[in-house]
Amino acid sequence: MQKNKEQSLRRFLSLFLALIMILTSLPLNVFAEEPSTGTRAVATPDWEVSDEEAEADHWPLTANNRLVEAANADSIKNPNIEYGGTFNLGDRQVITILYKTQSSANAVWQRLLLKFDKTLAQMIDWDNAKTGAWKDPAKNKESTNPQHFNGDIIKFTSEPRENAGSDNVYSVALNDAMFKKQAIEAPMHFVLKSPDQLQQLGLPTSVEALVQSKEPVIQSRIVDKYYEKVRMNPCAHLDGYSTYTSSTIIPRRDYRAGLIPECEDDNIDPWILTQTAFLTYNKNKGYVDLTIRHNKNANKPLQHKPVLGLRTVIEDKFFNVLAGSAEEGVPEDGSAKIADVFIVGANEKPYDGGSYDNPVPERRIPVLRNQINQGQDGLQYIQVVGTDYQKTAYENNIKMQSKGNALETLLNSALASGGRGVGTIVRFYVKPEKFESLISDTDLLDMTFYTTFTTQTKKGEARETFSGKVDKDRTLQKGQKLVLDVGTKEFGLGSFAGNRKMVMEVGERPHNVVFQSAPNDALGTSLYWKDSTSYWWTIPYDMTLKEGTPIKIYMQGLKNNIQEVRFYTSKDEQALGDAGDFFTITKDPDKCGDMQYVRFAGNLKSPNIEKTQNEASIPEIFTTDTILYGHTKIGNAIVRARGVSEDEKVCIKPSLPIRRK
């Protein structure tokens, strides 16, 4: 009798748990009115986050969280984070993460949450005075522009698991940091502990050591002041994790190999204001979509008449599961189409008829398997361009595909400064069995992608490059002015005669930091014209140039046979000539191409693969002694089960999807 009662109780508990999971995965608008902050919302299951979930890369939602899809009129547009490089401060390294958005004041969204890889979080010195978000960033400026660093540093708050849904989560108040601005790349600095401290803790002693085993992921979310509402990007073709969680990585490889930074003077008011990107997988149709969403100004790309393109870089293991890839007994088919590139409007629909699944051929750029480019360190990429692109002699080895005007096929020229923006889709055609074997049961896929729009400002004209290394450790103070002297009257007598499209990289790729130039100081750039032979370099924040730090300068249209650039520590040292304090970089024997990655237009992401089916990622069988945890592949619910049925098993069906109005 007692045994029958226990079995009945078990059956009741099992049914009750299943009912709770179904109800908590239903859309909130089944039971209540929609929130004023967006078009839909969904509540999350009511249980605490486990230790296993809190330390994983996947970022669970809390019982208090409610996913809220932002309305088209939401004041924050396509927010995301990107890695901005690493520099030295004494014996320590400082990682830069950029918060990027097109935004304005609002009352709902209050905090930016950042979830760090566990090891990286332990390496950061959270108490250091230089760790924090720089207050009041400047509009339209590169992340090293001195105008970003006139305000205070806002410290990060360590968030408890109950607020954030995970461990290793830190936050900053958007209002305190004054991050609700138009077109910003807001710098946030994270100072690492000293090498000795890291060694004592058994942690990697540098960023370079950290990335040897994996490329650590950093993720972000935006919430209200109560940590209840979690902002979701509005999207017609995606319902999961990537809509409310942005990511970037600390890279090991150079995903930008072969590309150079776009000069700020060629794109002063960035025509892309903010941009994000994510992957989705349509199992039924057999394709993976890389969706690039951005807000932009109308016709801004035409301002300097650049020649536009799009590059997408992914690991070779992804290209090995695309159409035409070799299988046992079947050779590779180089003529197989691996991708289509097409644009969509603010309504997320293609142009000139057709459908999202099948855009009209006139608006698609096809890419074949034999047009895949081999990159470095196991990376491969595809490059599409407008038909007016002219290769330099240094780009003849790049396989490019084009079809018509770039503004009609690969970049939407429509005004999209508001709303959800417009987009470009790179649709990869996969072999489903091979692709699903690759992704297995993972959600945060160990397969980073980088995508960026590219530009060419002078058709077919290569760039001069100058390279070298710092001669000794040099401590530089914020506001200090170095002088870059080319030794001849290259830059004329007036400031506007000095524009040579100068861009400087400091540090070893992929961890280098970029400094921009302008022909005068009106734009506030770190590099700007001084006199006929030299440029100023204003140091934006305290830093140390360690002995052996690589420095590279790109210039275009030089009138003289310049052989070197001297870095004097001040104008007084410059006046001493050979007797002054300086170090030198020299002209490279070969020029480089002119394919540039566009300002504000690059995305380096660790993708979450969203699936069209609601497939549970946990086993179906649970025992009374073990609690198992999981979440749906589309990220709408986390499920937990304890208990057994009459046959000693409990089968939990996948949770229901979020439904729209």
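Model, not experiment: these values are computed from the prediction.

Basis of the calculations
- Residues numbered from 1 in each chain as written.
- Predicted model: local features only at pLDDT ≥ 70, side-chain atom pairs only at ≥ 80, totals over all residues.
- Heavy atoms only, no water.
- Helix = DSSP H or I, 4+ residues; strand = E, 2+ residues; numbered from the N terminus.
- Contact = heavy atoms within 4.5 Å.
- Areas by Shrake-Rupley, 256 points an atom, 1.4 Å probe, with all protein chains shown as cover.
- Phe/Tyr/Trp six-rings, centres within 6.5 Å; stacked < 30°, edge-to-face > 60°.
- Buried < 20%, exposed > 50% of the residue type's maximum accessible area, 1.4 Å probe, protein only.
- Lys NZ or Arg CZ within 6 Å of the ring centre and 35° of its normal.
- Salt bridge = Lys/Arg side-chain N within 4 Å of Asp/Glu carboxyl O.
- Pairing = 2+ DSSP bridges.
- pLDDT = per-residue confidence, 0-100.
- Axes fitted to C-alpha atoms, helices over the stretch in contact; angles between N-to-C directions.

Would you mind going over the overall build of the chain with me for this structure?
Within the chain one finds 12 helices and 39 strands. Of the contacts made within the chain by residues no fewer than 6 positions apart, 78% connect residues no fewer than 24 positions apart. Carbon and sulfur atoms form 49% of the exposed surface of the chain, whose accessible area is close to 25,800 Å².

What am I meant to see in the packing of aromatic side chains here?
Given two aromatic rings, their pairing is described by the distance between the two centres and the angle made by the two planes. In this structure the tally under the stated criterion is 22 aromatic pairs. Centre to centre, the rings of Trp134 and Phe149 are 5.0 Å apart; their planes meet at 85 degrees, and the pair counts as edge-to-face. Note that Trp134 is positioned in strand 6 (residues 132-134) and Phe149 in the loop between strand 6 and strand 7 (153-154), a separation of 15 residues in sequence. For Phe149, a relative accessible area of 0% puts it in the buried group. Between Phe319 and Phe428, the aromatic rings sit 6.2 Å apart at their centres with planes inclined by 90 degrees, giving edge-to-face as the arrangement. Residue Phe319 is located in helix 9 (residues 316-319), and its partner Phe428 is located in strand 23 (residues 422-429); the two are separated by 109 residues in the primary sequence. Taken as a pair, Phe319 and Phe428 share a single burial class, namely buried. Taken together, the ring pairs connect Phe116, Trp126, Phe156, Tyr170 and Phe190 into an aromatic cluster. Note that Lys481 overlies the ring of Trp536, its terminal NZ or CZ placed 5.8 Å from the centroid.

How should the pattern of salt bridges be read in this particular structure?
Between side chains of opposite charge, pairing is possible as soon as their charged atoms come close. Scanning all chains against the criterion turns up 37 salt bridges. We note a salt bridge from Asp74 to Arg231, for which the minimum N-O separation is 3.4 Å. Taken together, the positions of Asp74 in the loop between strand 2 (66-70) and strand 3 (77-89) and Arg231 in strand 12 (residues 229-232) put the pair 157 residues apart, joining distant regions of the chain. We classify Arg231 as buried; its relative accessible area is 5%.

Honestly, the environment of Ala601 in this entry has me stumped. Any pointers?
Within the fold, Ala601 resides in strand 36 (residues 596-605). Classification of Ala601 by relative accessible area gives buried; the value is 0%. Between the C-alpha atoms of Ala601 and Ile272, which are 329 residues apart in sequence, the distance is 6.3 Å. Contact partners of Ala601, with chain neighbours within four places excluded, come to Ile272, Gln275, Thr451, Thr452 and Phe453.

I would appreciate a short explanation of the pairing of strand 4 (residues 92-102) in the present structure.
Regular strands place side chains that alternate from one sheet face to the opposite one. Burial within strand 4 is extensive, with 11 of its 11 residues counted as buried. Here strand 4 shows two buried faces, one formed by Arg92, Val94, Thr96, Leu98, Lys100 and Gln102 and the other by Gln93, Ile95, Ile97, Tyr99 and Thr101. Across nine bridges, the pairing between strand 3 and strand 4 is antiparallel. For Ile81, the partnering residue across the bridge sits in strand 4 and is Tyr99. Relative to strand 10 (residues 184-191), strand 4 is paired through eight bridges, and the arrangement is antiparallel.

Sorry, what's going on with the side chain of Ser75 here?
Mapped onto the secondary structure, Ser75 falls in the loop between strand 2 and strand 3. Those residues in contact with Ser75 that lie beyond four places of it in its chain are Gln102, Ser103, Ser104, Ala105 and Asn106.

Where do I start with the confidence of the model for the chain in this structure?
Detailed conclusions should not be drawn from predicted coordinates in areas where pLDDT is low. Mean pLDDT over the chain stands at 83; residues scoring 70 or higher make up 80%. Below a pLDDT of 50 lies the segment residues 18-40, which in the model reaches 61 contacts outside its immediate sequence neighbourhood of four places, other chains included. This stretch, residues 611-661, has a pLDDT under 50; its non-local contacts, to residues over four places away or in other chains, come to 131 contacts.

Mind showing me how you'd approach the sheet that holds strand 33 (residues 550-555) here?
In a beta sheet, neighbouring strands are held together by backbone hydrogen bonds and run either parallel or antiparallel to one another. Around the barrel, which closes on itself, the nine strands sit in the order 25-33-28-29-30-31-27-34-35 with mixed pairing between neighbours. Each neighbouring strand pair of the sheet contributes to a mean axis angle of 25 degrees, computed without reference to strand direction. As defined by bridge partners, strand 28 (residues 503-506) adjoins strand 29 (residues 513-518) across four bridges and the pair is classed as antiparallel. Bridged to Glu505 within strand 29 is Val514.

Sorry, what's going on with the pairing of strand 10 here?
Within strand 10, eight of the eight residues are buried, which leaves the element mostly enclosed by the surrounding structure. Burial of the side chains of strand 10 extends over both faces: Ile184, Ala186, Met188 and Phe190 are buried on one face and Glu185, Pro187, His189 and Val191 on the other. Bridge count for strand 6 against strand 10 is two bridges, and the pairing is antiparallel. Bridging from a neighbouring strand, Gly132 pairs with His189 of strand 10.

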